[in-house]
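# Reading the structure
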Amino acid sequence: MTTEATATTGLSRSLQRLLAHARAFDARRPRLWDSTLTLFWTAAALVDASGGWRNTAPDPSVPAWLVVTLSLGLSLPLYRRRREPLAALTVMACAALVSAASGAFLQAGYLQLIPLFHIALTRPPRVLLHASALLVPPLVTGAVRFPRGSWDQHVVPTLWTYALVALLGIAVRSRKDHTAALVDRARRLEVERDQEVRLAAAAERTRIAREMHDIIGHNLSVITGLADGGRYAAAKNPERAAQALDAIGTTSREALAELRRLLGVLSDDDQEAARDPQPTLADLDALITGVRKAGLPVRFDRGDSSPGRPLTPGAQLTVYRVVQEALTNALKHAGEGAKATVLLTHTPQEVRAEVTNTGPAVPPSGQGQGLTGMRERAALYDGTLDTGPLPTGGWHVRLRLPREGSPS
């Protein structure tokens, strides 16, 4: 970048900062700014009224008192230019009409451009028609009473000036409206982002609560079953009791590890916990083995895998958690002598998991966080969940999850 370009850029930035400071001062003290501007132009008009107006006047013999009065009429209304621009222009246009009719042709008449600009900036477009009805008569009157060459030499250039000022006001207004629209859009986006963050936080809390319910509920049910079995075995078979205690310890450690991994996701410091894998379909064997140790006989039929898109890790976790919850409910409610069956079926379009158990007792339909959590998990992956009692007694849970890219 050349030295001249650098200097030009620096000057442009300085002007922008100066304009920003002026706008800020105007916003803080509008009346002071209006008074300053009005006093400045009033002083300029009175200076011209002291004698300079005769240099351009067709009739230099206009009385001085009239010139002073017209100068004040063309400058003092500027104080109301922002709050009532059309009223200010009306007063100034009347003074301009007298100035043109008397032959004074005061240069202060050009101050009408200021309220015209504010009308274009702040008022509806139709108000510009009213403004033009006020601005044209003084021009025509001056051109008719004191013609100088062709009549349009006095009227047309001034009309072009009025039109350009009106267009400038419209352009500034459009830019302000555009900027206001951008600011409003930015605010709406910020509100939407805040809402998305809150919704994501709520969804994350729900997910964590569901995971903790599944982990704690299942493992405590397994531990309870092992403890009950160990207590009965202690009197007759101390070796079986020791095995039950070992299984309780193993299950407890696994539950603690899962809880640490889950809670570690919430901690920025525990990155390793966040990287631990979630359970998948491959972990179903270990899950069912633990349930068997807790005292519930389980028959597991994995079925033959058919070609198809593999389930995503999230969908595999859903299948795992549904089977886990169903077996946990069987441990809690099926009673003594109950048996469970887990059937996993693969097709090119979907994966189905069915868990059934026998026994006199079944969990109440549609109640409890576990059943609600299972339905939410299934719906998350466009799946369906069907639960209910079996005609012969017991309970069934049927999950259907479509493979990714397959019709649900």
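Up top is the structure these notes are about.
Quantities reported herein were computed from a predicted structural model and do not represent experimental measurements.

All right, on to the overall build of the protein chain then. A tally of regular secondary structure across the protein chain gives twelve helices and five strands. For the protein chain, with 408 residues in total, the buried portion stands at 37%. Put simply, 70% of the contacts in the protein chain that link residues at least 6 apart link residues at least 24 apart.

What follows deals with the side chain of S71. Checked against the element boundaries, S71 lands in helix α3 (residues 64–75). Taking relative accessible area as the criterion, S71 reaches 1% and is therefore assigned buried. With residues up to four places along the chain from it excluded, the contact list for S71 reads A45, L46, A49 and L106.

Taking strand neighbours across the sheet as the criterion, the five strands line up as β1-β2-β3-β5-β4 in an open arrangement whose pairing is mixed. The two strands at the open ends of the sheet, each matched to only one other strand, are β1 (298–301) and β4 (384–389). Adjacent strand axes in the sheet meet at a mean angle of 10° when their direction is disregarded. Strand direction decides the pairing type here: strand β2 (residues 340–346) and strand β3 (residues 350–357), joined by seven bridges, are antiparallel. Residue L344 lies in a different strand from β3, and its bridge partner there is A353.

In this section: the layout of surface pockets. It is the rolling of a water-molecule-sized probe over the atoms that shows where space remains empty. One number sums up the size of the largest pocket: a volume of about 790 Å³. Looking at the largest pocket, it is lined by 18 residues, and the ones nearest its centre are R23, D26, F117, H118 and L121. The set of elements that each furnish at least two residues to the lining of the largest pocket consists of α1 (3–28), α2 (30–49), α5 (113–122) and α7 (152–236).

The next thing to look at is the pattern of salt bridges. Throughout the structure, instances matching the rule amount to ten salt bridges. Between D34 and R81 there is a salt bridge, and its shortest N-O distance comes to 3.0 Å. Taken together, the positions of D34 in helix α2 and R81 in the loop between α3 and α4 (85–102) put the pair 47 residues apart, joining distant regions of the chain. Look at D34 and you get buried, because its relative accessible area is 1%. Residues R188 and D184 are paired through a salt bridge, measuring 2.2 Å at the closest nitrogen-oxygen approach. With R188 and D184 both in helix α7 and four residues apart, the pair spans about one turn of that helix. R188 gets classed as partly exposed once you look at its relative accessible area, which sits at 44%.

Under the defined criterion, the tally for this structure stands at two aromatic pairs. Between F40 and W41, the aromatic rings sit 5.1 Å apart at their centres with planes inclined by 75°, giving edge-to-face as the arrangement. Arranged with centres 6.0 Å apart and planes meeting at 90°, the rings of F105 and F146 form a pair that is edge-to-face. Placement of F105 in the loop between α4 and α5 and of F146 in the loop between α6 (126–145) and α7 is noted, with a sequence separation of 41 residues between them. Judged by its relative accessible area of 19%, F146 is buried. Over the ring of Y79 we find R83; its NZ or CZ atom is 5.1 Å from the centre of that ring.

Its location among the elements puts G337 in the loop between α11 (313–333) and β2. For G337 and L296, which are 41 residues apart along the polypeptide, the C-alpha to C-alpha distance reads 8.2 Å.

What follows is about the nonpolar core. If you look at the biggest cluster of nonpolar residues, it comprises 32 residues, and the most contacted ones within it are L284, V298, V319, V323, L327, V342 and L399. Listing elements by their share of this core, those giving two or more residues are α10 (284–293), β1, α11, β2, β3, α12 (369–380) and β5 (395–402). With eight residues, α11 is the largest single contributor of residues to this core. Every residue in contact with V323, bar those within four places of it in the chain, is listed here: L284, L287, V342, A353 and V355. The next biggest cluster of nonpolar side chains, apart from the first, holds 18 residues, and it includes A49, A57, V62 and L74.

Procedures and definitions
Residues numbered from 1 in each chain as written. Predicted model: local features only at pLDDT ≥ 70, side-chain atom pairs only at ≥ 80, totals over all residues. Heavy atoms only, no water. Helix = DSSP H or I, 4+ residues; strand = E, 2+ residues; numbered from the N terminus. Buried < 20%, exposed > 50% of the residue type's maximum accessible area, 1.4 Å probe, protein only. Contact = heavy atoms within 4.5 Å. Pairing = 2+ DSSP bridges. Axes fitted to C-alpha atoms, helices over the stretch in contact; angles between N-to-C directions. 1 Å grid on protein atoms, 1.4 Å probe; cavity = no way out; pocket = protein on both sides within 12 Å on 5 of 7 lines; lining within 4 Å. Points joined across faces, edges and corners; volume = space filled by probe spheres on them. Salt bridge = Lys/Arg side-chain N within 4 Å of Asp/Glu carboxyl O. Phe/Tyr/Trp six-rings, centres within 6.5 Å; stacked < 30°, edge-to-face > 60°. Lys NZ or Arg CZ within 6 Å of the ring centre and 35° of its normal. Core = buried A, V, L, I, M, F, W, Y, C linked by side-chain atoms within 4.5 Å.

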